[in-house]
Amino acid sequence: MIYTVTLNPSLDYIVTSEGFQFGRTNRTTSELILPGGKGLNVSTVLKNLGMETMALGFIAGFTGTEIEWRMESMGVQTDFIRVPDGMSRINLKFSSVEGTELNGAGPDIPKEKLRILMDKLWKMKPGDVLCLSGSAPASLSKTIYCDIMAALKDRGILIVVDTTGAQLVNTLAYHPFLIKPNQYELGEIFQTEIVTREQAAIYGKKLQEMGARNVLVSMAGDGAVLLAENGQVFWAEAPKGRLVNAVGAGDAMVAGFLTGWLKQRDVLHAFRLAVAAGSASAFSKYLATRSEIVQLYELVRCRQGIEVE
């Protein structure tokens, strides 16, 4: 079973407003409401690829009820923990104003609810996979992912971490199976700018040296770089297509990599499927379906070998 943890899930309200102007009344030309949060996105694409997955996390209020209903209506198993006060956040995303969004804060998580989550995770079995994705709400410790990994140490569980900054770096001591920074997040960690795949490989290697087993660096339209646990380095250009919605593309890559690895234990196949899944999601209004991913998989060309000193 693949478990995903989304500590602060959301309803994403995605709107298009042509000719958007600040300080004016703007009207939408299209609207879309989807359950949001990186872990939920991973579970959705895993389900689309035929993998068994369970979405965990905290929900509150009427928005939490809607998140739960929408995930289950898509066929994703959930085991959310309901928080008594507040409401799950609503994130407003302007698809027609590049990079513009307004994200809610989400509810406070009481300590007793966190203990319930830890109890659920403790019941995981050897061979299970756990994806820790996204940021933690302000009411939780910044070491929450480290605390979870420490509790599950030596349990035979594959752990994927997809977060940013110090929260990611601090987990490396626990040797996560996979991390997936994008080029900008990777650059922020090392206070540099990542432009080329050679740079992505060099700094991705540093994260490996710090403890990560596999490092997948996404580079949007420039493709991706993989530093595999066995020492191999692969890169791939992104398939050609029209960008429709980049939200969740990185999460789809995580789902694709896990699906490929768990089905064939072949890191090259996993990498190809990751690139296909990420690109298919970017080219789609929604997260990618299996048929969309399979179609692009045939177009992904991976190459081995980048000089990393």
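See above for the structure.
So, on to the overall build of the chain. Assigned secondary structure in the chain consists of 10 helices and 15 strands. Whereas a compact globule of 309 residues would reach a radius of gyration of roughly 19 Å, the chain reaches 19 Å, a difference of no more than 12%. Seen along its three principal axes, the alpha-carbon backbone of the chain occupies a region of about 50 × 50 × 40 Å. Looking at the chain residue by residue over its 309 residues, the buried ones come to 51%. In the chain, once contacts between residues fewer than 6 apart in sequence are set aside, the share between residues at least 24 apart is 66%.

For the rest of this paragraph, the subject is the environment of Asp 251. Tracing the backbone shows Asp 251 in helix 8 (residues 249-264). The class of Asp 251 is buried, set by a relative accessible area of 3%. Between the C-alpha atoms of Asp 251 and Val 42, which are 209 residues apart in sequence, the distance is 5.2 Å. The contact partners of Asp 251, leaving out residues within four places of it in the chain, are Lys 38, Asn 41, Val 42 and Asp 162. Of note is the side chain of Asp 251, whose polar atom sits 2.7 Å from the side chain of Lys 38.

Turning our attention to a nonpolar patch on the surface. Judged by side-chain polarity, Phe 62, Met 87 and Ile 90 come together as a nonpolar surface patch covering roughly 300 Å² of accessible area. Note that Phe 62 resides in helix 2 (residues 61-73).

With that settled, consider the packing of helix 9 (residues 267-282) against helix 10 (residues 290-297). One way to put it is that helix 9 packs onto helix 10 with a least axis distance of 8 Å and a crossing angle of 120 degrees. By the criterion of interaxial angle, the relationship of helix 9 to helix 10 is oblique. For the crossing formed where helix 9 meets helix 10, the hand is right-handed. When helix 9 is examined against helix 10, the residues His 269, Arg 272, Leu 273, Ala 276, Ala 277, Ser 279 and Ala 280 are found in contact with a partner set consisting of Glu 292, Ile 293, Leu 296 and Tyr 297. For the contact of helix 9 with helix 10, the class distribution of residues is seven nonpolar, two polar and two charged.

Turning our attention to helix 8. Since the α-helix packs 3.6 residues into each turn, any two residues three or four apart lie on the same face. Counted at 1.5 Å a residue, the expected span for helix 8 with its 16 residues is 22 Å, and the 22 Å between its end C-alpha atoms agrees. Arg 265 sits one or two positions beyond helix 8 and adopts a positive phi of about 50 degrees.

Following the sequence through the fold, His 269 ends up in helix 9. Within polar-contact distance, the side chain of His 269 engages the side chain of Tyr 297 at 2.7 Å. The contact partners of His 269, leaving out residues within four places of it in the chain, are Gly 260, Gln 264 and Tyr 297.

Of the two faces of strand 14 (residues 233-236), the one holding Val 233 and Trp 235 and the one holding Phe 234 and Ala 236 are both buried throughout. Two elements, strand 13 (residues 224-227) and strand 14, share four bridges in a ladder whose sense is antiparallel. Within the sheet, the bridge partner assigned to Ala 224 lies in strand 14 and is Ala 236. A loop of five residues connects strand 13 with strand 14, the two strands running antiparallel in sequence, and Gly 231 in this loop sits at a positive phi of about 95 degrees. As paired elements, strand 14 and strand 15 (residues 302-304) share three bridges and run antiparallel to each other. Note on strand 15: the bridge partner recorded for Phe 234 is Gln 304.

Let us now look at the pairing of strand 1 (residues 2-6). Extensive coverage of strand 1 is indicated by the burial of five of its five residues. With four bridges connecting them, strand 1 and strand 9 (residues 129-133) associate as parallel partners. Bridge pairing in strand 9 links Ile 2 to Val 129.

Further remarks concern the packing of helix 6 (residues 183-190) against helix 7 (residues 197-209). Close contact between helix 6 and helix 7 brings their axes to 10 Å; oriented N to C, the two are set at 60 degrees. Accordingly, the angle class assigned to the pair helix 6 and helix 7 is oblique. Handedness of the crossing formed by helix 6 with helix 7: left-handed. Contact residues: Leu 186, Ile 189 and Phe 190 in helix 6; Ala 200, Tyr 203, Gly 204, Lys 206 and Leu 207 in helix 7. Counted by class, the contact of helix 6 with helix 7 contains six nonpolar, one polar and one charged residues.

Moving on, we come to the sheet that holds strand 8 (residues 100-102). Spatially, four strands are ordered 3-2-7-8 in an open sheet, and the strand pairing comes out mixed. Strands with a single pairing partner mark the edges of an open sheet, and in this sheet they are strand 3 (30-36) and strand 8. Sheet twist, expressed as the mean angle between neighbouring strand axes with direction ignored, is 20 degrees. Note: strand 7 (residues 89-94) against strand 8, three bridges, orientation antiparallel. Among the inter-strand pairings, Leu 92 is bridged to a residue of strand 8, identified as Leu 102.

Thresholds, definitions, all that
Residues numbered from 1 in each chain as written. Predicted model: local features only at pLDDT ≥ 70, side-chain atom pairs only at ≥ 80, totals over all residues. Heavy atoms only, no water. Helix = DSSP H or I, 4+ residues; strand = E, 2+ residues; numbered from the N terminus. Rg over C-alpha atoms; globule rule 2.2 N^0.38 Å. Buried < 20%, exposed > 50% of the residue type's maximum accessible area, 1.4 Å probe, protein only. Contact = heavy atoms within 4.5 Å. Polar contact = N/O pair within 3.5 Å; in protein donor to acceptor, adjacent residues only side chain to side chain. Patch = residues over 30% accessible without salt bridge, like charges linked within 9 Å, V, L, I, M, F, W, Y side chains within 5 Å. Areas by Shrake-Rupley, 256 points an atom, 1.4 Å probe, with all protein chains shown as cover. Salt bridge = Lys/Arg side-chain N within 4 Å of Asp/Glu carboxyl O. Axes fitted to C-alpha atoms, helices over the stretch in contact; angles between N-to-C directions. Parallel < 35°, antiparallel > 145°, perpendicular 65-115°, else oblique. Left-handed = near helix turned anticlockwise from the far one by under 90°. Nonpolar A, V, L, I, M, F, W, Y, C, P; charged D, E, K, R; others polar. Expected span 1.5 Å × (residues − 1). Pairing = 2+ DSSP bridges.

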